Amino acid sequence: MPEIYDLSLSRVAEGLRNKEYGVSEVVESALARIEATEPKLNACISILADAAREQAVRMDKQGPQKNQPLWGVPVGFKDVICLKGSRTTCASRFLENFRPFYDAEVAVRMKEAGAVVLAKTNMDEFAMGSTTENSCFGRTANPWDLERVPGGSSGGSAASVAAKQVFAALGSDTGGSIRQPAGFCGCVGLKPTYGRVSRYGVVAFGSSFDQVGPLTRTVEDCARVFAVLAGPDAKDSTSARLDLHPEGLPEQDFVAKAGRGRSEEPADTLKGMKIGVPDEFWESGLTAEVEERCRDILKKLEGQGATLVPVSLPNQKYALAVYYIMASAEAGTNLARFDGVRYGRRAENPADLLDLYVSSRSRGFGEEVQRRIMLGTFVLSSGYYDAYYRKAAQIRRLLLRDFENALDLERGGCHALLAPTSPCAAWKFGSLSADPLTVYKMDLLTVTLNLVGLPGLALSAGLGRESGMPAGIQIMGRPFDEAALLRLGAVIERLAPGLGEPAGI
Ligand code: GLN
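Quick caveat, the model's predicted, so the values are computed rather than measured.

## Some remarks on the packing of aromatic side chains
So, step 1. Inspection of every chain in the model, using the stated rule, returns 17 aromatic pairs.
So, step 2. With a centroid separation of 5.1 Å and an interplanar angle of 50°, the aromatic rings of Phe126 and Phe338 are classed as tilted. Of this pair, Phe126 sits in the loop between strand 3 (116-121) and helix 5 (155-162) while Phe338 sits in the loop between helix 11 (319-334) and helix 12 (353-364), and the two are 212 residues apart along the sequence. Exposure class is identical for Phe126 and Phe338. Each is buried.
So, step 3. By way of ring pairs, the aromatic residues Phe94, Phe98, Phe126, Phe338, Tyr343 and Phe365 are connected into one cluster.
So, step 4. Positioned above the aromatic ring of Phe429, the side-chain terminus of Arg139 is 3.7 Å from the ring centre.

Here it is as structure tokens:
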């Protein structure tokens, strides 16, 4: 008999509905798993054991609720998501003791769907970073190898899901922070189309980039959580006034077509499907093991009837620079609200108002966050605005045009584009951290989708031959067509070599 924590979200939700076990049993199983693995991982900032246990007792008394798709399922939230009454820190000394008095919209939706929030997960401070080393609560380890980074900035969410502490976790993706850690830890991560999921109550990093999305153990689980999160929200003026895919919820679609029967993939499942292979993503210094795993997937997709089409995204070469200019500019602006007056940490005995600002901010923010604020302030300063920010905004538009061309179905474009999520697998702690620029370069393959606002689904392509670590592959698709990504993702999940258990725990 597998332990309850071993089951997928879809399976555990079904078991709860059928009263195979109660919510308390599921919560206890997850808590025991957290207790066993957390000393090695440090994936959680807060473990909400008491509240979860109380909620479980209440739910068990009430019995399964048919209209709550995640009824009784323990989940984690990245600590950038406001949860009423619970500490929401963004892994920053600034907000170490901040307790929001309201729920983020995504938290409301997850609760309404019946999920039990078991943990607030570790992250890079204010979501800035690619390793989860920039956290004032210490780094999170990768469950596949405790000497390696889990990726970032949603590294706590990815590690927690991969280690089976929770059945799903929410992350946020501004430049890859869901997809990259999902790839590094061998789980599934979806960055929805910009505007698909409400940002209300999610502490802002880059407001024109940020999207919340699920990290899960399977593609089917990802569809289930996504279906809960997605949809318009009047409290977020950038949320799209669009319901889910016109052909229906991906969840329904999926459970019918793709959720079951792992080995029975008919040979022509993908007949008629055009999958774009953007040169710029495959020729950017990939390690041999990542390239090998991802090319294997391409071959297998061809074997299922898909046509691979070489495509070119000529402005991709500017993406990284454009991202770090624009995201830092937005970050610097968003973080201006942390002034020692309104939220969180306040310096003691300031000499005057300016000293209050300066001391609160110098002590409250870590090194990486201060670096972004300085960079952002510089590119927005009057003498440099035209040379940096304005130029970057123009190139952002050109990049979108590249994608529109590649994905334009009416003119023979592709249904989706495929690329690795990162040029390499998870690296060892400390090996790159002394060199911020090298770490930035590792975001080369993820930042583009945030610049153009399109959806991306990351999942595992198998273990790298050399490092033994998961290699991530990402599907990039048309706006608001997450359903198509999930369908293709389910096929890739069945074709990719299974990962087995994370070797580090
Ligand atoms: N690693 C990227 C950065 O540090 C992306 C972060 C994110 O998506 N939140 O900016």
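After that view, the rundown keeps rolling.
## Here we look at the confidence of the model for the protein chain
So, step 1. For the protein chain, mean pLDDT is 94; residues scoring 70 or higher make up 95% of the total.
So, step 2. Throughout residues 258-263 the model reports pLDDT below 50, and contacts reaching past four residues in sequence, or to other chains, amount to 13 contacts.

## A few points about the sheet that holds strand 4 (residues 168-173)
By definition, the strands of a sheet pair up through backbone hydrogen bonds, in either a parallel or an antiparallel sense.
So, step 1. Ordered in space as 1-3-2-4-6-5-10-11-9-7-8, the 11 strands form an open sheet in which the pairing is mixed. Looking at the sheet topology across the chains shown, the edges are occupied by strand 1 (44-47) and strand 8 (307-311). Going across the sheet, the axis of each strand differs from the next one's by a mean of 30°, ignoring polarity.
So, step 2. Pairing of strand 2 (residues 74-78) with strand 4 involves 3 bridges; the strand directions are parallel. Within strand 4, the position partnered with Val75 by the bridge is Ala168.
So, step 3. With respect to the sheet, helix 3 (residues 49-62) is in contact with strand 1 and strand 3, its orientation differing from that of strand 3 by roughly 165°.
So, step 4. Sheet contacts for helix 14 (residues 386-407): strand 8, strand 9 (416-420) and strand 11 (470-477); angle to strand 9, the most-contacted strand, approximately 120°.

## Some details on a nonpolar patch on the surface
So, step 1. The grouping of Val341, Leu353, Leu354, Tyr357 and Val358 at the surface amounts to a nonpolar patch, some 450 Å² of accessible area in total.
So, step 2. One can find Val341 in the loop between helix 11 and helix 12.
So, step 3. The class of Val341 is partly exposed, set by a relative accessible area of 40%.

## A closer look at the side chain of Glu125
So, step 1. Secondary-structure assignment places Glu125 in the loop between strand 3 and helix 5.
So, step 2. In this view, Glu125 contacts Cys90, Ala91, Ser92, Arg93, Asn134, Ser135, Gly364, Phe365, Gly366 and Val369; residues no more than four positions away in its chain are not counted.

## With respect to helix 2 (residues 23-41)
Each α-helix turn comprises 3.6 residues. Residues three or four places apart therefore point the same way.
So, step 1. Taking 1.5 Å of rise per residue, the 19 residues of helix 2 would be expected to cover 27 Å, and the 25 Å separating its terminal C-alpha atoms lies within 8% of that figure.
So, step 2. Among the structural elements, helix 1 (9-17), strand 1, helix 3, strand 2, strand 3 and helix 5 are those in contact with the buried residues of helix 2.
So, step 3. Asn42 lies just past helix 2 and shows a positive phi near 55°.

## Section: the state of the cysteines
So, step 1. In this structure the tally under the stated criterion is 0 disulfides.
So, step 2. Here Cys44 is not cross-linked by a disulfide; its sulfur's nearest cysteine counterpart is in Cys185, at 13 Å.
So, step 3. Here Cys44 falls in the buried class, since its relative accessible area comes to 7%.

## Observations concerning the nonpolar core
A general tendency of soluble globular proteins is for nonpolar side chains to be buried together.
So, step 1. In this structure, Met110, Phe126, Leu301 and Phe403 are the most contacted members of the largest nonpolar core, which totals 141 residues.
So, step 2. In terms of residues, this core owes the most to one element, helix 11, which gives 10 residues.
So, step 3. Apart from the residues lying within four places of it in its own chain, the contact partners of Phe403 are Leu313, Leu417, Thr448, Leu449, Val452, Leu454 and Met476.
So, step 4. Judged by nonpolar contacts, the second largest core, of 20 residues, contains Leu41, Cys44, Ala159 and Leu499.

## Notes on the environment of Ala331
So, step 1. Tracing the sequence through the fold places Ala331 in helix 11.
So, step 2. For the pair formed by Ala331 and Thr377, sequence separation is 46 residues and the distance between their alpha carbons is 9.3 Å.
So, step 3. Ignoring sequence-local partners within four residues, the contact set of Ala331 consists of Met128 and Phe205.

## Quick notes on the site of the ligand
So, step 1. Surrounding the ligand, one finds 15 residues, the nearest of these being Thr174, Gly175, Ser177, Tyr323 and Arg372.
So, step 2. At 2.8 Å from an oxygen atom of the ligand is found a main-chain nitrogen or oxygen belonging to Gly129.
So, step 3. Thr174 places a polar main-chain atom, nitrogen or oxygen, 2.7 Å from an oxygen atom of the ligand.
So, step 4. Here the ligand loses 99% of its free accessible area of 290 Å² to cover by the protein chains.

## Here we look at the pattern of salt bridges
Side-chain pairs of opposite charge can arise whenever the charged atoms involved come near each other.
So, step 1. Enumeration according to the criterion identifies 27 salt bridges in this entry.
So, step 2. The partner of Lys111 in a salt bridge is Asp103, with the nearest N and O atoms 2.7 Å apart.
So, step 3. Accessibility expressed as a relative area gives 15% for Asp103, which makes it buried.
So, step 4. Two residues, Arg371 and Glu368, come together in a salt bridge whose shortest N-O distance is 2.8 Å. One end of the pair is Arg371 and the other is Glu368, both in helix 13 (residues 367-380) and 3 residues apart, which spans about a single turn.
So, step 5. Classification of Glu368 as buried rests on a relative accessible area of 9%.
So, step 6. One continuous salt-bridge network, built from bridges that share partners, spans Glu105, Arg109, Asp233 and Lys235.

Criteria and thresholds
- Residues numbered from 1 in each chain as written.
- Predicted model: local features only at pLDDT ≥ 70, side-chain atom pairs only at ≥ 80, totals over all residues.
- Heavy atoms only, no water.
- Phe/Tyr/Trp six-rings, centres within 6.5 Å; stacked < 30°, edge-to-face > 60°.
- Helix = DSSP H or I, 4+ residues; strand = E, 2+ residues; numbered from the N terminus.
- Buried < 20%, exposed > 50% of the residue type's maximum accessible area, 1.4 Å probe, protein only.
- Lys NZ or Arg CZ within 6 Å of the ring centre and 35° of its normal.
- pLDDT = per-residue confidence, 0-100.
- Contact = heavy atoms within 4.5 Å.
- Pairing = 2+ DSSP bridges.
- Axes fitted to C-alpha atoms, helices over the stretch in contact; angles between N-to-C directions.
- Patch = residues over 30% accessible without salt bridge, like charges linked within 9 Å, V, L, I, M, F, W, Y side chains within 5 Å.
- Areas by Shrake-Rupley, 256 points an atom, 1.4 Å probe, with all protein chains shown as cover.
- Salt bridge = Lys/Arg side-chain N within 4 Å of Asp/Glu carboxyl O.
- Expected span 1.5 Å × (residues − 1).
- Disulfide = S-S within 2.5 Å.
- Core = buried A, V, L, I, M, F, W, Y, C linked by side-chain atoms within 4.5 Å.
- Near = heavy atom within 4 Å.
- Polar contact = N/O pair within 3.5 Å; in protein donor to acceptor, adjacent residues only side chain to side chain.

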